[in-house]
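Topology and contacts: notes
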Protein chains: 2
Amino acid sequence: MRRPPERRVVLADVARLADTSEATASRALKHDPRIGEATRAAVHAAAAKLGYVPNAAARSLRAQRTHILGILLDDLADPVHAKVAAGFEEAAASQGFAVFIMTGLHDQAREQRALTAFVEHRADGIIVASCVSDPADVLDRVRADRVVFVQPDYPALADGAEPPARGVVRTDDSAGVAATVRHLAERGYRRLTYAGPSGWSSNAWRRAAATATVEELGLGPLRFVDVPVDAWRDPSGLALTLADDPPDAVLCYDDKLALGLLDALRSTSLVVPDDLAVVGFDGIPAARQSWPRLTTVEVPSVEVGRHAVEMLISSVRDGRMPASEVLPVSLVIGDSTPQRAPRTGGPDARATVATLPGAGS
Amino acid sequence: MRRPPERRVVLADVARLADTSEATASRALKHDPRIGEATRAAVHAAAAKLGYVPNAAARSLRAQRTHILGILLDDLADPVHAKVAAGFEEAAASQGFAVFIMTGLHDQAREQRALTAFVEHRADGIIVASCVSDPADVLDRVRADRVVFVQPDYPALADGAEPPARGVVRTDDSAGVAATVRHLAERGYRRLTYAGPSGWSSNAWRRAAATATVEELGLGPLRFVDVPVDAWRDPSGLALTLADDPPDAVLCYDDKLALGLLDALRSTSLVVPDDLAVVGFDGIPAARQSWPRLTTVEVPSVEVGRHAVEMLISSVRDGRMPASEVLPVSLVIGDSTPQRAPRTGGPDARATVATLPGAGS
DNA sequence: TTGTATGCGTTATCAA
DNA sequence: TTGATAACGCATACAA
């Protein structure tokens, strides 16, 4: 069995064995058209025989181009972020880029260290996904035509700041939430509650979209329940709050929270969906396997990662960062939001007026 | 707001501004003790003012050490693999290593390309996780003291080949399966079925452990159902097979399959756990939120990633690869395997003899 | 078609 | 305590 070469084998070794110069060997290996067939074959044979592998550091140093992309994301253990990373890695690899992946774990200092690492390694491009750092801080350290922001979620956005017009990939969360509210209205749900972690801009957007659509449709006022960001691990508090004065349906910030809630509600007297409809957001795999199957908004996370890479590589090639993109999402209707049965006590008019704007007031 | 420097700023620029030589500037920046306080301050000030970031490629070239680790894994979108990656990344970052992550996606050619990328970039160490390539092939290209294999799953292992004695991190799947079977026996389940994708060595091990434990406990013979590797996406075939002649309990290769099965069984007349108990393997988050909650074997995936990094870094430092490790797993008892009620028709002796070896024959 | 020489940015060796 | 210089491995401008 062949072993890896003991001593480092460099281009000079290949050239020597092929009986040419380093320059010729270098050109032959990258199929420069003006190298004779004979020498090219000799060089390739020598390289194969010696197990030569070019040194990327030396090449990068010389070429001022690393063919490295970096992605900074929040947490690989989170299914949504992992999918973005998967799309990113796959797209980057298919274009011949190696990828650095670093996680921020909600920690600004970590995020800064990750950026430092990317810059030290002179990554050709960087993707900043779901990070708490303000893009302005990132742009202090990296050229704007070398960064793409994915699903930015920094605090200023919650206060209404606009994300950059170029180099951002987002999903149309507002449309997803609006579609969800419409779906609920059509199915006869009127008293809605939105549950999510306040302070996150992504949450603020979703909540705002829910509010707007509820008003547009003339549904009962939207109630809010603020939950801790890790409430999905133990949603019993949310379950109790809901059980105390149950709405018709609850919109959860994401699927993790919704699935946790489904579980927690089994310890209460509320039955889903008979007493309470539940919807999630993201479309993680577990949402398809839950009971009842979760109605949710499917976010094309893998696509998000791919698009980000394509924007980035395009910008790296010609220095022009493409305009920001907003990818469409889709409502997936499960069994957690069935057509609502009329309440006991006879037919209930509320269900039928739900889609008539203004009829409720 | 400060912008990133337009022209590349290199050490020479810092030296010039600080009015010293490159050598002194270099030493001052890495806090060489024999540099005067005044010059050190001047150099640091100059570096800060210019926004100097050292070039890792140049440093690596010179130092013959990259501080880069590479991990090759199967699929970032898979929760188990993503967790290994998360542990890997976190541990590596905390030790000051940048990490290349590449995915194989069950494709030998992709795996080989990933290895090539790692070698070109002269990664200080490599982790090969859950890959289809034979370790022997990997060792043709990488020094043995620079690779750690995680959960190796190459075909030869299914035929009884032993994994390497050093540089491997695995989990004690056999013990986990054995504990599961014992648990089922104690709870009164006797007729067991094992469902998994044949051809995978990890499946072969789990299945063999189940067989051995079933025999040891004197339970009825273990039945097997071979399923495609992606059966979890559509487990209706498995559900029908089980419904056709239901065992007391079914052991699934992993949680994804078990959760899919729970879902698919809702379209049959079988009720879990009354008619059929179900157990999974891995302990993914969704298993805690399913209904009924899944009894499963919890695998410390994040720990696996961490241990792999620690082994690797240790070996990189002193050239001695630590001995292989087998991490313990733990049985998590959910609601999918309750104490079994006696069958209709009166008390059933089978439940009580389950734990008595030999009593069943 | 091939060879020579230089420089990419950093660090380590040697000399001052 | 500091400075000049060579070398890491490769690719290219220029010469032949």
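Everything discussed here concerns the structure shown above.
Read on for an overview of the structure.

Cut-offs used in this document
- Residues numbered from 1 in each chain as written.
- Chains lettered and ligands numbered in written order.
- Predicted model: local features only at pLDDT ≥ 70, side-chain atom pairs only at ≥ 80, totals over all residues.
- Heavy atoms only, no water.
- Pairing = 2+ DSSP bridges.
- Helix = DSSP H or I, 4+ residues; strand = E, 2+ residues; numbered from the N terminus.
- Axes fitted to C-alpha atoms, helices over the stretch in contact; angles between N-to-C directions.
- Contact = heavy atoms within 4.5 Å.
- Near = heavy atom within 4 Å.
- Polar contact = N/O pair within 3.5 Å; in protein donor to acceptor, adjacent residues only side chain to side chain.
- Core = buried A, V, L, I, M, F, W, Y, C linked by side-chain atoms within 4.5 Å.
- Buried < 20%, exposed > 50% of the residue type's maximum accessible area, 1.4 Å probe, protein only.
- Nonpolar A, V, L, I, M, F, W, Y, C, P; charged D, E, K, R; others polar.
- Expected span 1.5 Å × (residues − 1).
- Least-squares fit on C-alpha atoms with pLDDT ≥ 70 in both.
- Parallel < 35°, antiparallel > 145°, perpendicular 65-115°, else oblique.
- Left-handed = near helix turned anticlockwise from the far one by under 90°.
- Salt bridge = Lys/Arg side-chain N within 4 Å of Asp/Glu carboxyl O.
- Lys, Arg positive; Asp, Glu negative; His and termini not counted.
- Phe/Tyr/Trp six-rings, centres within 6.5 Å; stacked < 30°, edge-to-face > 60°.
- Buried area = accessible area lost by both parts, 1.4 Å probe.

A word on the sheet that holds strand 8 (residues 249–252) of chain B. The strands making up a sheet associate through hydrogen bonds between their backbones, and the pairing can be parallel or antiparallel. Residue and element names in this part refer to chain B. Across the sheet, which stays open at both edges, the 4 strands sit in the order 7-6-8-9 with parallel pairing between neighbours. For this open sheet the edge positions go to strand 7 (223–226) and strand 9 (277–279), each flanked by a neighbour on one side alone. Averaged over all pairs of adjacent strands, the angle between strand axes in this sheet comes to 20°, irrespective of strand direction. Its contacts with the sheet place helix 10 (residues 201–217) against strand 6 (192–196) and strand 7, and it is angled at close to 175° to strand 6.

What follows deals with unusual backbone geometry. Residues and elements named next belong to chain A. The omega torsion across valine 272 and proline 273 is 5°, close enough to zero to call that bond cis. The residue proline 273 is located in the loop between helix 12 (255–265) and strand 9 (277–279) in this model. A cis amide bond, omega -10°, links tryptophan 291 with the succeeding residue proline 292. Within the secondary structure, proline 292 is located in the loop between helix 13 (285–289) and strand 10 (296–298). You will see that leucine 105, though not glycine, has its phi angle at about 50°, which is positive. If you trace the backbone, leucine 105 turns up in the loop between strand 2 (98–103) and helix 6 (108–120).

Neighbouring DNA strand C are 26 residues; Thr24(A), Arg62(A), Leu11(B), Tyr52(B) and Arg62(B) lie closest to it. Among the atoms of DNA strand C close to the protein, meaning within 4 Å, 66% are from sugar or phosphate groups. Here a phosphate oxygen of DNA strand C sits 2.7 Å away from a polar atom, N or O, in the side chain of Thr24(A). A distance of 2.9 Å is found between a phosphate oxygen of DNA strand C and a side-chain nitrogen or oxygen belonging to Ser26(B).

Quick look at the side chain of Ser133(B) now. Residue and element names in this part refer to chain B. Relative to the elements of secondary structure, serine 133 occurs in the loop between strand 3 (125–129) and helix 7 (135–139). A polar atom in the side chain of serine 133 sits 3.5 Å from the side chain of glutamine 108. Within the local environment of serine 133, its side chain forms a polar contact with the side chain of glutamate 111, the two groups lying 2.4 Å apart. Ignoring any residue separated from it by four or fewer positions in sequence, one finds serine 133 in contact with Gln108, Glu111, Gln112, Val138 and Tyr154.

All right, on to the nonpolar core then. In this structure, Leu192(A), Val278(A), Leu192(B) and Val278(B) are the most contacted members of the largest nonpolar core, which totals 95 residues. In this view, Val278(B) contacts Val250(B), Cys252(B), Ala258(B), Leu261(B), Leu262(B), Leu265(B), Val272(B), Leu294(B), Thr295(B), Ser336(B) and Thr337(B); residues no more than four positions away in its chain are not counted. Among the nonpolar cores identified, the runner-up in size contains 52 residues, and Ile71(A), Phe88(A), Ala92(A) and Ala92(B) belong to it.

This part covers the protein's contact with DNA strand D. The immediate surroundings of DNA strand D are formed by 26 residues, with Leu11(A), Tyr52(A), Arg62(A), Thr24(B) and Gln64(B) found nearest. Take the atoms of DNA strand D that sit within 4 Å of the protein: sugar and phosphate atoms are 68% of them. For DNA strand D, a phosphate oxygen lies 3.1 Å from a polar atom in the backbone of Ser21(B). A distance of 3.3 Å separates a base nitrogen of DNA strand D from a polar atom in the side chain of Arg62(B). Of the residues forming the surface near DNA strand D, the biggest block, 4 residues, is contributed by helix 2 (residues 22–29) of chain A. When the residues that make up the surface near DNA strand D are grouped by side-chain class, the tally is 9 nonpolar, 8 polar and 9 charged.

Quick look at helix 3 (residues 37–50) of chain A now. Residue and element names in this part refer to chain A. In this model, helix 3 (14 residues) spans 20 Å end to end at C-alpha, consistent with the 20 Å of a helix rising 1.5 Å per residue. Where helix 3 is buried, its residues meet helix 1 (11–18) and helix 2. Glycine 51, located one to two residues past helix 3, shows a positive phi value of around 70°.

Aligned on chain A, chain B shows an RMSD of 0.1 Å; the corresponding rotation is 180° and the shift along the axis is 0.0 Å. Accordingly, the operation relating the two chain copies is best matched by a two-fold axis. When the interface residues of chain B are mapped onto chain A, 100% of them again lie at the interface, so the same face is used by both copies.

The next point concerns the environment of Val14(A). Residues and elements named next belong to chain A. Summarising the element assignment, valine 14 is placed in helix 1. When its relative accessible area of 0% is taken as the criterion, valine 14 is described as buried. On a C-alpha basis, the gap between valine 14 and histidine 44 in space is 8.5 Å, while along the polypeptide they are 30 residues apart. Those residues in contact with valine 14 that sit more than four places away from it in its chain are Val43, Ala46, Ala47, Leu50 and Tyr52.

What follows deals with the packing of helix 1 (residues 11–18) of chain B against helix 3 (residues 37–50) of chain B. A pair of packed helices is captured by two measures, namely the crossing angle of their axes and the spacing between those axes. All names here are of chain B. The interhelical angle for the contact between helix 1 and helix 3, taken along N-to-C directions, is 125°, at an axis separation of 8 Å. Taken together, the axis directions place helix 1 and helix 3 in an arrangement best described as oblique. Remark: the crossing between helix 1 and helix 3 carries right-handed chirality. For the pair helix 1 and helix 3, contact is made by Asp13, Val14, Leu17 and Ala18 and by Ala42, Val43, Ala46, Ala47, Lys49 and Leu50, respectively. Its residues assigned to classes, the contact of helix 1 with helix 3 comprises 8 nonpolar, no polar and 2 charged.

Side chains that differ in charge, positive against negative, can pair when their charged atoms come close. Residue and element names in this part refer to chain A. According to the stated counting rule, one finds 32 salt bridges over all chains in the structure shown. Across the pair arginine 207 and aspartate 226 runs a salt bridge whose closest N-O atoms are separated by 3.8 Å. On the criterion of sequence distance, the pair formed by arginine 207 in helix 10 (residues 201–217) and aspartate 226 in strand 7 (residues 223–226) is long-range, its members being 19 residues apart. A residue is classified by how much of its surface remains accessible, and arginine 207, at 27% relative accessible area, is partly exposed. Since its relative accessible area comes to 48%, aspartate 226 is described here as partly exposed. If you follow the salt bridges from partner to partner, you end up with Glu90, Glu303 and Arg306 in one network.

Residue and element names in this part refer to chain A. Among the secondary structure elements, aspartate 124 is positioned in the loop between helix 6 and strand 3 (125–129). Despite being buried, aspartate 124 has no salt bridge partner; arginine 65 is the closest side chain of opposite charge, sitting 4.2 Å away. Dropping the residues within four chain positions of it, aspartate 124 is found in contact with Arg65, Thr66, His67, Ile68, Leu69, Phe97, Arg146 and Val316.

What follows concerns the packing of aromatic side chains. Overall, the coordinates contain 2 aromatic pairs over all chains when judged by the stated rule. Taking the centre distance of 4.3 Å and the plane angle of 5° together, the rings of Phe100(A) and Phe100(B) count as stacked. Here Phe100(A) is found in strand 2, whereas its partner Phe100(B) is found in strand 2 (residues 98–103) on a different chain. Looking at Phe100(B), the relative accessible area reads 1%, which means it is buried.

Among the secondary structure elements, Ser60(B) is positioned in helix 4 (residues 56–63). For Ser60(B) and Arg7(B), which are 53 residues apart along the polypeptide, the C-alpha to C-alpha distance reads 22 Å. Apart from residues no more than four positions distant in its own chain, Ser60(B) is found in contact with Ala57(A), Arg65(B) and Thr66(B).

The next subject is the interface of chain B and chain A. With 56 residues of chain B at the contact, the number on the chain A side is 56 residues. Taken together, the two surfaces of chain B and chain A that pack against each other cover about 4800 Å², and 59% of this comes from carbon and sulfur. Looking at the side of chain B facing chain A, the largest losses of area belong to Leu76(B), Asp140(B) and Gln289(B), adding up to 12% of the total buried there. Remark: the boundary between chain B and chain A carries 4 salt bridges. One salt bridge connects Glu89(B) with Arg110(A), and the closest N-O pair in it is separated by 3.2 Å. Linking chain B with chain A are 14 residue pairs in polar contact (both at pLDDT 80 or more), by the criterion used here. Elements with a contribution of two residues or more to the side of chain B that touches chain A: helix 4, helix 5 (79–94), strand 2, helix 6 (108–120), helix 7, helix 12 (255–265) and helix 13 (285–289) of chain B. By residue number, the principal contributor to the side of chain B that touches chain A is helix 5 of chain B, which donates 7 residues. Here the residues of the side of chain B that touches chain A sort into 30 nonpolar, 9 polar and 17 charged.

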